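Here is how the chains run, residue by residue.
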Amino acid sequence: MWLLIYFIGILGSAVGNFTFTYDMAMQCKEHLCQHGYNYETYYLVESDQRKIVRSDPSITFEMHIAILAASNGHILLSTVSQPDAADPVYEIVVGGGGNKFTELRGNLKRNAKASAKTVGILSTIEFRAFYIKITEDGLIEFGREGDILPILSYQDMDPINIHYFSFAAWNGVEAKFLYDCPIPLKNATEVPSSDSVMVEPKMSNSDMLKRSLLLNRDPNIAPRSKVTVQLGVKITSITYDPFETKLRTGLSVVRKWTDDSMAWNPLKFNGTSRLTFRQGQIWSPSLSIYNSDTIGFLDAKNSEPITMFESGETILHMQTTIQTWCLDYSDMLTKWPHDEYDCVIVIEPWENHEDITFKKLDPEDMKAFADIDDVIQNSWDITTEQYILNSTSWNSNSSESDRFVIEVVLKRRATAFNIVFYTPLLVLMTFILLSFWTEPLNLRRIWFYAGCSVVICSGLCYIDFLVPCHSIPSILVLYTVVLGGVLLALLIHAALMTSLTKRLCKTITIQNILTAQWFRTLFFLPPFKTSHIYETINNDYGESNEDVMETSGIRNIEAMQSDNKEDNESVELAEAVDKVLFFIYSMTFAVMLALHF
């Protein structure tokens, strides 16, 4: 046990002893990868020199490198330059999968031979040194400098002869490789490093033209002090969030400018009349959104190349999505869901020191990208207007460049909202108005009004999740007015059923009103009839029994009518009130609906 602990301690000290020093780095050569997973530059391996520069006679190929990267340091060893997917190679991926594993492959991007979990094997702040060794019998080892055991070990029964090597990274990852480093030995001495030679790639006419155009050119400097850029913008999708007052817009942006210094004669380059450049190889106008919710330049969703023609005319197309503020507080009362918003998108140059003059792009140039730009339909009717503001109109002292302004008018397609909000409203209003033509002084009507109040209150409790909170939608006012009308009708109907109303009907004033002909005509009440009984002094003279019986019957009917007179007065008053409420409610609802729409 003690021997095992002692061995582990020696092993740990051996692992931590090696340090990649600055002097070692100065003896290495440097290769920078900035263009993703692409082996661009190949280096030739001198076989005779490799036999001299090695730490062990049994090794046929030995390589010492250092890597500075966040992840995905790719090393390619091959027999031929520019191998394809079918050629046998040794590809070592260091820190793949986000700096989590290391793998040895037998072909480009496939055919894994060995793999190991290596979390954090690479670093962005310090160089990590590694070695690659291939013996005569085909044993391939890859490990850290100073480690006794390799990270990867694979026995190839049919090893390939290494004549070329290359480096690559990953999309969005910048990696720096140091190669041809000296071989550190156990006695702290170093074997002189090898001297690999960069292989000149076979270049096409367009590649040679690119090299001549990009020679000694800084891609961050504009071609002139004042550049005219034709700008075309097409809205492909739009969404407005009334809760956050944010406008999310999908844009198709086309920039067109001319760089006379990069014009060429096609006859000198075998008729090449068009070139494509990656973004960052040549200057292009960087744009930003003035009223964006974040600070930054327009970031493309797609990495499309820059197209340049022989005259120096250059076109760059991009698709992007932006979020801008759209604050519209001109009126707190809105017609939501039939709301409209006037929003503005202001595009300006990102670099303040650049003097850029904007012009509108010819619509024919925009049609060339019609197949690429898919327009997404949504719930808004969109009306746009585009114009250019110069620095004088913008009243800006920080930049002399123009601004490209897009005015967007949004009108909601409220078909679904109409069904959800207006159908219950119209049904409630209809039943409330019909209730005024039902039997008055009935307890069932009070229960109906109470039920309507509960339904409206329940809906108002959840409506704040659907309507914007910074304004007052008129639909909310409509529901509130309906609720107030229902409660008022409930109180009035309950008051008419009290004994106080019955006593009020016995007063002379109410009696005169109820019996007035104009009142009964106005409210379509039945005409008031009175029975006249004439009595004389000789009341019983000459009367027969039949006459006495007839007179007695008339008096009994009048007594019965007198008993029901008290209830009829309350009912007639309730009918008159119902008709007044029907008229008032009808006019109020009609006027409010007209104002809403």
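Residues numbered from 1 in each chain as written. Predicted model: local features only at pLDDT ≥ 70, side-chain atom pairs only at ≥ 80, totals over all residues. Heavy atoms only, no water.

*Asks:* Tell me about the sheet that holds strand 10 (residues 152-155), and name the residues and values.
*Replies:* Overall, antiparallel pairing links the six strands, which are arranged 1-12-3-8-9-10 in an open sheet. With partners counted over all chains shown, the strands left at the sheet margins are strand 1 (29-33) and strand 10, one partner each. Across this sheet, the average inter-strand angle for adjacent strands is 20 degrees, counted without regard to direction. Pairing between strand 3 (residues 59-68) and strand 12 (residues 175-179): three bridges, direction antiparallel. If you follow I67 over to strand 12, its bridge partner there is F177. (Pairing = 2+ DSSP bridges. Helix = DSSP H or I, 4+ residues; strand = E, 2+ residues; numbered from the N terminus. Axes fitted to C-alpha atoms, helices over the stretch in contact; angles between N-to-C directions.)

*Asks:* So what about the pairing of strand 8 (residues 128-135)? Which residues, and what values?
*Replies:* Of all the eight residues making up strand 8, six are buried; the element is thus mostly covered by neighbouring parts of the structure. Both strand 8 and strand 9 (residues 139-144) contribute to a ladder of five bridges, which runs antiparallel. Residue Y131 lies in a different strand from strand 9, and its bridge partner there is G143. (Buried < 20%, exposed > 50% of the residue type's maximum accessible area, 1.4 Å probe, protein only.)

*Asks:* Go over the nonpolar core with me, naming the residues and quoting the values.
*Replies:* Residues I347, L410 and L425 are the most contacted members of the largest nonpolar core, which totals 66 residues. Here this core gets eight residues from one element, more than from any other, and that element is helix 10 (residues 474-496). Apart from residues lying up to four places away in sequence, L410 is in contact with I238, Y240, L247, D339, E340, Y341, C343, W380, D381 and I382. (Core = buried A, V, L, I, M, F, W, Y, C linked by side-chain atoms within 4.5 Å. Contact = heavy atoms within 4.5 Å.)

*Asks:* Could you give an account of the packing of aromatic side chains, with specific residues and numbers?
*Replies:* Tallied over the entire structure, the rule returns 21 aromatic pairs. Ring geometry for F165 against Y179: centres 5.8 Å apart, planes inclined by 65 degrees, an arrangement best described as edge-to-face. In this pair, F165 is assigned in strand 11 (residues 164-168) and Y179 in strand 12, connecting sequence segments 14 residues apart. Y179 carries the same exposure label as F165, and that label is buried. Through successive ring pairs, a cluster of aromatic residues spans Y43, F165, F167, F177 and Y179. The ring of Y131 has K133 sitting right over it, with the charged end atom 4.9 Å from the ring centre. Taking NZ or CZ as reference, K210 lies 5.6 Å from the ring centre of F277, over its face. (Phe/Tyr/Trp six-rings, centres within 6.5 Å; stacked < 30°, edge-to-face > 60°. Lys NZ or Arg CZ within 6 Å of the ring centre and 35° of its normal.)

*Asks:* Tell me about the state of the cysteines, and name the residues and values.
*Replies:* This structure, assessed with the given rule, holds two disulfides. Two residues, C28 and C181, share a disulfide whose sulfurs are 2.0 Å apart. Negative torsions about the S-S bond denote left-handed disulfides, and the value of about 130 degrees found for C28 with C181 makes this one right-handed. With a gap of 153 residues between them, C28 in the loop between helix 2 (22-26) and strand 1 and C181 in the loop between strand 12 and strand 13 (183-184) connect regions that are remote in the sequence. (Disulfide = S-S within 2.5 Å.)

*Asks:* Let's hear about the sheet that holds strand 15 (residues 197-199): which residues, and what values?
*Replies:* With antiparallel pairing, seven strands are arranged side by side in an open sheet as 7-6-5-4-11-2-15. Unpaired on one side and paired on the other, strand 7 (110-117) and strand 15 mark the two borders of the sheet. Neighbouring strand axes in the sheet, compared pairwise and without regard to direction, differ in orientation by 25 degrees on average. In this structure, strand 5 (residues 89-95) lies alongside strand 6 (residues 101-107), joined through three bridges in antiparallel fashion. When the bridges of strand 6 are listed, E91 appears paired with R105.

Nothing here speaks to function; it is all geometry.
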